[in-house]
Amino acid sequence: MRTALLFLIIGLTVCTFCKAQDIPVLPQEKFRHHEFSVSYGFLPITDANSMAEECFAPVLSFGVYTREKTNYGALSISYIYRFNRKISLGVTGGITGNKGTASSLYEALDENTKDNRRYLYVLPPFRWHWFPRPKFSLYTSAGLGAYFLRNSFGGEVFHKTKFAYQFSFLGIEYGSRFAFFTEFGVGYTGTIVAGGRYRF
């Protein structure tokens, strides 16, 4: 009885070992530190300010000053270095702005004086993935930098450099080497941002 039990245990052990040998072992995916991304942002803070100016300026000035404009969102390009799966740091550059016309009863303005504004911005964003999964992640990011304004008003051109920012309280990412993402926040890259990332 003991001999039969011993042979049974040996047989089960051999079968288990042979079966384990047949199961392919998947290699662990290489961690990629570098990341390049392109995104488009809807309603950056520049567009929000322009919309507020268009709505409230005529009211506050009792119709003296009016402005009509067309906004075109924000286009951004980023390079990010990933220290690990949770912490990343990099640089984002982009362009946003709006085109419009302005008029005033007190100033010597033509009825359709051109008022075009272009913003170039540079932000070093910090990103924290607080819910990382193999192909899905939730994160928060923040960036502080500067913007460079070129305002073409009538026949004159004005330049201004000021503080720029972007805070995205929620980012949703899906993918691994190629990933798609959506962010929700406030700042110069947009209130709702969507784009793609490539890691190498």
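The text that follows walks through the structure, step by step, so that each part is easy to find.

Reading guide: rules and limits
- Residues numbered from 1 in each chain as written.
- Predicted model: local features only at pLDDT ≥ 70, side-chain atom pairs only at ≥ 80, totals over all residues.
- Heavy atoms only, no water.
- 1 Å grid on protein atoms, 1.4 Å probe; cavity = no way out; pocket = protein on both sides within 12 Å on 5 of 7 lines; lining within 4 Å.
- Points joined across faces, edges and corners; volume = space filled by probe spheres on them.
- Helix = DSSP H or I, 4+ residues; strand = E, 2+ residues; numbered from the N terminus.
- Nonpolar A, V, L, I, M, F, W, Y, C, P; charged D, E, K, R; others polar.
- Buried < 20%, exposed > 50% of the residue type's maximum accessible area, 1.4 Å probe, protein only.
- Pairing = 2+ DSSP bridges.
- Phe/Tyr/Trp six-rings, centres within 6.5 Å; stacked < 30°, edge-to-face > 60°.
- Lys NZ or Arg CZ within 6 Å of the ring centre and 35° of its normal.

The next thing to look at is the layout of surface pockets. Here the idea is plain: a probe the size of a water molecule rolls over the atoms and shows the empty space left. There is about 320 Å³ of room inside the largest pocket. Lining the largest pocket are 18 residues, and of these Arg 82, Arg 85, Arg 133, Pro 134 and Arg 199 lie nearest its centre. Contributions of two or more residues to the lining of the largest pocket are made by strand S5 (125-132), strand S6 (136-153) and strand S7 (156-175). When its residues are assigned to classes, the lining of the largest pocket shows 4 nonpolar, 4 polar and 10 charged. Estimates place the volume of the second largest pocket at around 220 Å³.

The next thing to look at is the pairing of strand S8 (residues 178-187). Side chains of S8 alternate between two faces, with Ala 179, Phe 181, Glu 183, Gly 185 and Gly 187 buried and Phe 178, Phe 180, Thr 182, Phe 184 and Val 186 left unburied. By the bridge criterion, 9 bridges tie S7 to S8 in an arrangement that is antiparallel. Considered in S8, the bridge of Leu 170 is made with Phe 184. Turn length for the S7-S8 hairpin, with the two strands adjacent in sequence and antiparallel, is 2 residues. Here S8 pairs with strand S9 (residues 192-199) via 7 bridges, running antiparallel. The residue of S9 that forms the bridge with Phe 184 is Ile 192. Two successive antiparallel strands, S8 and S9, enclose a turn made up of 4 residues, where Gly 190 displays a positive phi of approximately 135 degrees.

Within a pair of aromatic rings, the relevant descriptors are the distance that separates the centres and the angle that separates the planes. With the rule as written, the count across this model stands at 7 aromatic pairs. For the ring pair Phe 163 and Tyr 165, a centre distance of 6.1 Å and an interplane angle of 25 degrees mean the geometry is stacked. Taken together, Tyr 119, Tyr 147, Phe 163, Tyr 165 and Tyr 188 form an aromatic cluster joined through their ring pairs. Above the face of the Tyr 139 ring, Arg 127 is positioned so that its terminal group lies 5.5 Å from the ring centre. The side chain of Arg 133 reaches across the aromatic face of Phe 131, ending 4.1 Å from its centre.

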